[in-house]
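# Examining the three-dimensional arrangement
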Amino acid sequence: MTDNNRVVVLLSGSGTTLQAILDQQSQYSYEVVGVLSNRPDAFGLERAGKAGVESLSLDHKLYPSRELFDLELMKHIDAYKPDLVVLAGYMRILSSAFVEHYQGKLINIHPSLLPKHKGLNTYQSALDAGDSEHGTSVHFVTEELDSGSVVMQAALEITPSDTAQTLEQRVKVMEHHLYPKAIDWIVSGRIALQDDVISLDKKPLGPQGYRIPETSIVTEK
Ligand code: GAR
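Now for a look at the structure at hand. Note that the coordinates shown come from a computational prediction; the quantities given were computed from them, not determined experimentally. (Residues numbered from 1 in each chain as written. Predicted model: local features only at pLDDT ≥ 70, side-chain atom pairs only at ≥ 80, totals over all residues. Heavy atoms only, no water.)

Our next topic: unusual backbone geometry. Along the chain, Leu 114 connects to Pro 115 via a cis peptide bond; the corresponding omega equals 15°. Among the secondary structure elements, Pro 115 is positioned in the loop between strand S5 (106-110) and helix H5 (122-128). The phi torsion at His 117 lies on the positive side, around 50°, for a residue other than glycine. Accessibility expressed as a relative area gives 18% for His 117, which makes it buried. Unlike most non-glycine residues, Lys 202 shows phi in positive territory, near 70°. One can find Lys 202 in the loop between strand S9 (197-200) and strand S10 (203-204). Residue classification places Lys 202 among the exposed residues on the basis of a relative accessible area of 79%. (Helix = DSSP H or I, 4+ residues; strand = E, 2+ residues; numbered from the N terminus. Buried < 20%, exposed > 50% of the residue type's maximum accessible area, 1.4 Å probe, protein only.)

Let us look at the packing of helix H1 (residues 16-23) against helix H2 (residues 43-50). In contact at an axis separation of 9 Å, H1 and H2 are set at 15° when each is read in the N-to-C sense. Relative to H2, H1 is oriented roughly parallel. Both H1 and H2 take part in a crossing whose hand is right-handed. Taken together, the residues of H2 that come into contact with H1 (itself represented by Thr 16, Leu 18, Gln 19 and Leu 22) are Gly 44, Arg 47 and Ala 48. Here the contact of H1 with H2 is composed, by residue class, of three nonpolar, three polar and one charged. (Axes fitted to C-alpha atoms, helices over the stretch in contact; angles between N-to-C directions. Parallel < 35°, antiparallel > 145°, perpendicular 65-115°, else oblique. Left-handed = near helix turned anticlockwise from the far one by under 90°. Contact = heavy atoms within 4.5 Å. Nonpolar A, V, L, I, M, F, W, Y, C, P; charged D, E, K, R; others polar.)

Let's shift gears to the sheet that holds S9. Each strand in a sheet pairs with its neighbour through backbone hydrogen bonds, running either in the same direction (parallel) or in the opposite one (antiparallel). A sheet is described by the order of its strands in space; here three strands give the open sequence S8-S9-S10, paired in antiparallel fashion. Each edge of the open sheet is held by one strand with a lone partner, namely strand S8 (191-194) and S10. In this structure, S9 lies alongside S10, joined through two bridges in antiparallel fashion. When the sheet's bridge partners are listed, Leu 200 is paired in S10 with Lys 203. (Pairing = 2+ DSSP bridges.)

Here the focus is the site of the ligand. All residues in the neighbourhood of the ligand are listed as Ser 14, Gly 15, Thr 16, Thr 17, Gly 89, Met 91, Ile 109, His 110, Pro 111, Asp 146, Lys 172 and Glu 175. Separating an oxygen atom of the ligand from a side-chain N or O atom of Ser 14 is a distance of 2.8 Å. The separation between an oxygen atom of the ligand and a polar side-chain atom of Lys 172 is 2.9 Å. Protein coverage of the free-state accessible area of the ligand, which is 450 Å², stands at 88%. Residue assignment for the shell around the ligand shows that the elements contributing at least two residues are H1, S5 and helix H6 (164-187). Residues of the shell around the ligand, tallied by class, amount to three nonpolar, six polar and three charged. (Near = heavy atom within 4 Å. Polar contact = N/O pair within 3.5 Å; in protein donor to acceptor, adjacent residues only side chain to side chain. Areas by Shrake-Rupley, 256 points an atom, 1.4 Å probe, with all protein chains shown as cover.)

With that settled, the discussion passes to the packing of aromatic side chains. Within the structure shown, the criterion is met by four aromatic pairs. Measuring from centroid to centroid gives 5.3 Å for Tyr 63 and Phe 69, while their planes differ by 70°, and the two rings are edge-to-face. Between Arg 190 and the ring centre of Trp 185, over which it is positioned, the NZ or CZ distance is 4.4 Å. (Phe/Tyr/Trp six-rings, centres within 6.5 Å; stacked < 30°, edge-to-face > 60°. Lys NZ or Arg CZ within 6 Å of the ring centre and 35° of its normal.)

Here it is as C-alpha cells:
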C-alpha cells in the first residue's frame, strides 16, 4: 500500500464506474475515502454507503453560480485530503478555479478515443462518422472539455451489428477495468505527468497514453 493513495470520487448518476473502482479496491493500492455528488438522487451515493464509504451530495441547483458551487465542493473534497480526485460520470462543467486547484491530481474517464468525439453521445458520433473503432480514455483534466494529457486508452473494433447501445455496453466493460488500473498506476507513482507528457515507469508515452486492446482488457493486470 502506498502512502499517497487517498482517492475522492465525484459522480452525478448511477455510479457503475464507482462500483467498479470500489469492487477492485482490494486488488489495488488506492483507497476511496469519500464520494461526492452534485445530484442528491444519484444512485452512486447508495453504492458508496453500501461499501461503507462516506458520501455527500451538494445540490448544484441551490447555488447562484458555478463558481460558488465549485468553491463549496472544493471545501468538502479538501477535507478528505485526497491525493487524487476522480471524476466518474460527473456530468458538470468545472470552473477554472476548480481545475486549477486540482491541477495534476484530477482525472476523468471519457467514452471515446480522445481527441475524437469530445462531449456527449460519443457512441452515436462514432457510428455516424463511420469509425472502425471506438473506446475510452482516462485523462488528466484541464480547462478545455475532454482535453488534457491521456493516461490510458482501451479500444474495441466496431462491428456492423453495433448500435449506440451495444457500443455503450461494450465500452463500459472496458472502462470498469481500465479506470481502477489507471487510478492505481497514478497513486502508486508508475504514471507521472510532467509538462503535459505522461510517462509510465519513467518512459514517456505517446499522445494516446498506455493503450489496451479489448481482447486483453479483462485479463491484463
Ligand atoms: C461513463 O461511461 C463515463 O465514461 C461517462 O459517463 C459514464 C458514467 O457512468 N463520462 C463522460 O461521458 C464524461 N465526459 P456511471 O454513472 O454508470 O458511472
